[in-house]
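Single-letter residue listing:
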Amino acid sequence: MDEIKQELQSSSRATHQDYFGKALSYLCITFVGLLVLSILYFITTRGLATFTENHVSLWKFLIEKNWNPGVLDSHGQPQIGALPMIVTSFSVTVLSALVATPFALGVALFMTEIAPKRGTKVLQPVIELLVGIPSVVYGFIGLSVIVPLIRHTFGGTGFGILAGVVVLFVMVLPTITSLSIDSIKAVPMYYRSASLALGATRWQTIYKVVLRAATPGIMTAIIFGMARAFGEALAVQMVIGNAVLMPHGLLTPSSTLTSQLTTGIGNTTMGTLPNNALWSLALILLLMSLVFNILVRFIGKRGSLKK
Amino acid sequence: MNSKTTNNIATGIIYVLVAAVVGILIFLLGYILITGLPHVSWHFLTSAAQSFRAGGGIRDQLFNSLYLLVLTLIISFPIALGSGIYLSEYAPNNWLTGLIRTAIEVLSSLPSVVIGLFGYLLFVIQFRMGFSILAGAIALTFFNLPLLTRSVEESLEDVSDLQREAGLSLGLSHWKTITGIVLPAAVPGILTGIILSAGRVFGEAAALIYTAGQSAPIVNYSNWNPMSTTSFLNPMRPAETLAVHIWKVNTEGVTPDALSISSGTSAVLIIVILLFNLSARLLGNWMYKKMTATK
Amino acid sequence: MKKRSLFSTIVALSALGVLLTGCGSSSSKSSKSTSADSNVKITAVGSTALQPLVEQAASDYQKANKKVNISVQGGGSGTGLSQVQEGAVTIGNSDIFAEQQAGIKAKKLVDHQVAVVGMTPVVNKGVGIKNLSMAQLKGIFTGKIKNWKEVGGKDQKINVVNRVQGSGTRATFEGAVLEGAKAIKTQEQDSNGTVQKIVASTPGTISYLAFSYVNSKIQAPSINHVAPTDQNVENNKWKIWSYEHMYTKGQPNAAAKKFLNYMDSSKVQDSLVQKLGYISIHDMKVQKNASGAVTTK
C-alpha cells in the first residue's frame, strides 16, 4: 500500500524528464541571451570610448564630412566625421532593397500563387544557392564583371554606389524572397477562394487581396533585407571604391561604414583614437540593426491589429 | 484594357522576373564554374597550397572547411535546438520574449567582421586559444545561432497544434510530446535551416580571418589523435578555409597562378555547397518518412 | 517508441557533443602546458604582405625542427604590433617601424629586420607614361595634377587609387613622395592584389604596389629616369622602399631567437626572400632609420 502511495505522491519519470527538458531549453536561451549581451556590451564600450576617452563630440561625429582619424585639424581636434559613410551606407541599402523587392515579390508570387509545385521545386534550390555563394565570391565577380560593365556603359571608374547596389541586390534577394513567401503563404486560403468566387482574375486576387493581406509581412521581409545589406562588408568593400567622400552620384567612389571598418581595423592599434573611431562605426551599425528590428516589430504589431 | 489582359500582362511580368532571377543564378554559377572548373583537377584537390610557386592545391583548405563546419554545427545545433524549442513551445508572449527575439535578430544582422574581432579579442587573446579551429567554430556559432534558432523555431511552429493536442491527450508529458511528436514532424524544416546556415558558414571569410587564422600548417592525415599538434583532427591548430583562401590569394597572393587558384577554389566551394544541399535534401526526405511513418 | 528513443538519442548525442568540445578545449589546454618543454610554440601575427615569406620560411624550418610549432597569421601591421606589445603573440610582423605606429611603445619592442620591400607607382598601360618626376608624382597624389596630358601622357583624367590609411605601404609611399603634403581624398584599397587588378583594368588609374606585384598588365614608370629595380633600391637611388620587421617584446626567447636567426640566414635571404619578390637585407648598401634618414652601411 505504502509503495503505491509513494509512487502516487512523488513525481513520475516523465515529469522529471519534463523538468529536465524544460530546464535544458531555458539554459540554451539564457546562453544565447548572454552571448548577445556580451557582444552588445563589448561593442558599446569600445564604440563609446571615442566620445568618453577621446572627448570627440558626438554631434561632430555625425555631421562632419572629414574622416581622417590619424590627423588633427587646425583646432587640434581629430577629424572624424562619419557623415559620408552614413549617407553612403543608407543609399546603398535603400536602393538595393528597392531594386530587389520586385524581383523577390515576383519569385515569391510565382512559388505561392502561380506554380506552387513546380515553382517550389525549381526556385527553392535557386534561392538556397544564392544564399550559399560566399560574399567573397560575390565581391570578386562584382570586381571583375560589374565594375567594368558600369565603366563601359556609364563612364567613370565603375566603382561606386551603383556597383555596390548591383552586388547587394543579388545578396539580399534570397532574404526578401524567402520571408515574402512565408508571409504570402500565411494569407488564409479562403481569402483567395472568396475573391476568385467573386469573379476576380488571378492577378486581381493577388494584387487586391493576397498582397494587401501580406503587406506587413512583406515590409518585414524588406527591412530584414535592408539589415542584411547594411551589415555586408567584404563584397561591398571590393566594388564601392572606398573613398571617404560625400557621394555625388551613383558613379563616384565612396565608402560605407562596413567597408571603412574592414579596411581600417587591421592597420590601427587597439586603444588608440583611430581604432576607437572604427568601433564607433561598428556601434552605428549595431544601433541601426536595432532600429531595423524595432521597425519590424512595430510593423508586425500594426499588421496583426488589422486582422 | 480589361481585367483579363491585365491579368495576362501581370502574369507575364512575374514570369519575366522569375526568369531574370533564375538567369542571374545561372550566370553566377556558369561564370564561377566556367572560369574555375578547368583549373580543378585531382592534383589540385589533393596537394598542399604553395606560397609562391605555381601548381598549389587546396587539400588542407578543403578539409579545414568541412571540419570547421562540422565542429560549428556540433556546437551551435544543440544550443539552437534548445533555444528554438523554448521560443516555440515554452516562451510566454511577453516583453522578455520580445526582447530575446530582437536580440537574436540583432546578432544575425551584425557584420561578420565585428563578430570576428570580438571572437579574436575574447577567445584568441583572452582565453588563450590562439588562432584555432575551435576559436573559429565558436565565432561562426555566433552568427550561425540566430539563423538556426529561427529556423528551428519556425519549423516547430509549422507543426499543427492538433499533433500536440493528440500527444498531450494520450497522457504524454509536454517534453515527450515535443521530442516524440513535434520534433520529428519538424525535421525537414530544421534540415533546410541547417543547409542554409551551413552554406553561410562554409562561405564565411571575414570572421575567420581573425579567429581560425589564414595559414594552414602541415598536418598529418594519418594521425588520428586529436590532442597531437600535427593531427588533422586537432581543434587547436590554426586553419585556413576555402573562403579565406580565396580572399588571401586574391588580395596578397604572389603565386603566378593566383587567378586560376582563386577561380578553381570558388568552383570547388560552389560544388561542395551544391552537393551539400542535395544530400541534405535527400536525407531530410528519408528521415521524414522514417520518423513520421508517412508512406 | 523506437522513433522517440531515436530522437532523444540524437538530442542526447548533440548535448554530449557540446560537453565534449568543452572538455576537449580544456584538456587540450592542459596537455599543451605539460608538453611545453618538448613542443615549442611560436606565433607570428601581423602584416599580410610579410605573411607569405614567414609562412614559407616557417614551414621549411619546421621540417628540420620537428619540435617547433610555428603559426603565422595575418591581421595587419597594427594588429601585429599591438598584440606583440600585449605579449599575446611571440612575434609581431610589421611593414612599418613601431615608432611610426600610434599607440605603440617602441622602446619595449626589439626590431628584427628580415627583408626590404621596394614599392613603385603603377599606372594603367593606356595612359602612355614611361617616366615621371618626383614633383609630378607628388602633384598627382596631392590632386594638383588632374590630367595625364599635364605630365606628357594622353588627354585623360587621372584616377588616383590610394592605399588604406595606416597601412605600411601608404606610410612608406607618403614618406618618400609627399613629404608631409596631404594626399587627395580618393579611392582607397587595402591589398596589393586588388590594386593590381584595378590598375590593370581601369583606364587612367595610378596607384602604387610592392615590386613583387608588378606584372605585364600594368606599367611601372621610372621616377626621375631611375627604374624601379632591386639594384636601385639597394643603393637608395630608388627612394620608395621599406623594411619588413619582425618585432619581439624584449629579447626573444631561445626558440624564437633561433627562428629569427634562421630568417636572417643566407638560406632564407638568398633564396626564399628573392623568390617572393623581396630584396635581401644582406644586399642593402644603405640603411634607413625610423624617421626616414638614410645612411650608408
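Residues numbered from 1 in each chain as written. Chains lettered and ligands numbered in written order. Predicted model: local features only at pLDDT ≥ 70, side-chain atom pairs only at ≥ 80, totals over all residues.

1. Regarding the overall build of chain B
Right, so step 1: Assigned secondary structure in chain B consists of 11 helices and zero strands.
Right, so step 2: Its C-alpha atoms put chain B at 65 × 60 × 40 Å along the principal axes.
Right, so step 3: The buried share of chain B, reckoned over its 295 residues, is 55%.
Right, so step 4: Excluding contacts between residues fewer than 6 apart, the proportion of contacts in chain B whose partners are at least 24 apart in sequence is 74%. (Helix = DSSP H or I, 4+ residues; strand = E, 2+ residues; numbered from the N terminus. Buried ≥ 20, exposed ≤ 12 C-beta atoms within 10 Å, placed from the backbone. Contact = placed C-beta atoms within 7 Å.)

2. Re the domain arrangement of chain C
Residue and element names in this part refer to chain C.
Right, so step 1: The domain architecture assigned to chain C consists of domain 1 (40–116 + 242–296) and domain 2 (118–234).
Right, so step 2: Taking only C-alpha atoms into account, the centre of domain 1 sits 27 Å from that of domain 2.
Right, so step 3: Between domain 1 and domain 2, the residue contacts involve 17 residues of the former and 14 residues of the latter.
Right, so step 4: Across the side of domain 1 that touches domain 2, the residue classes tally to six nonpolar, eight polar and three charged. (Domains from an automatic or database assignment. Nonpolar A, V, L, I, M, F, W, Y, C, P; charged D, E, K, R; others polar.)

3. Digging into the environment of S231 of chain B
Residues and elements named next belong to chain B.
Right, so step 1: Of note, S231 is situated in the loop between helix 9 (206–209) and helix 10 (242–252).
Right, so step 2: The class for S231 is partly exposed, based on 18 C-beta atoms found within 10 Å.
Right, so step 3: Between the C-alpha atom of S231 and that of Q61, which follows or precedes it by 170 residues, the distance is 15 Å.

4. Things to note about the interface of chain B and chain A
Right, so step 1: Counting from both sides, the interface comprises 63 residues of chain B and, opposite them, 64 residues of chain A.
Right, so step 2: Where the side of chain B that touches chain A is concerned, the elements lending two or more residues are helix 1 (3–36), helix 3 (59–90), helix 4 (95–109), helix 5 (112–126), helix 6 (133–158), helix 8 (174–203), helix 10 and helix 11 (258–292) of chain B.
Right, so step 3: Of the residues forming the side of chain B that touches chain A, the biggest block, 17 residues, is contributed by helix 1 of chain B.
Right, so step 4: Of the residues belonging to the side of chain B that touches chain A, the class tally is 41 nonpolar, 18 polar and four charged.

5. Some words on the pairing of strand 8 (residues 205–210) of chain C
All names here are of chain C.
Right, so step 1: Here strand 8 lies mainly inside the structure; six of its six residues are buried.
Right, so step 2: Relative to strand 8, strand 6 (residues 159–163) runs parallel, the two sharing two bridges. In the strand pairing of strand 8, N159 is matched with T205. (Pairing = 2+ DSSP bridges.)

6. Some remarks on unusual backbone geometry
Residue and element names in this part refer to chain C.
Right, so step 1: The phi torsion at H225 lies on the positive side, around 65°, for a residue other than glycine.
Right, so step 2: Take H225: it is sitting in the loop between strand 10 (222–223) and helix 7 (230–234).
Right, so step 3: Not every positive phi belongs to a glycine, and N236 is a case in point at roughly 65°.
Right, so step 4: By the element assignment, N236 lies in the loop between helix 7 and strand 11 (241–249).
Right, so step 5: According to the C-beta neighbour criterion, N236 is partly exposed, with 16 such atoms within 10 Å.

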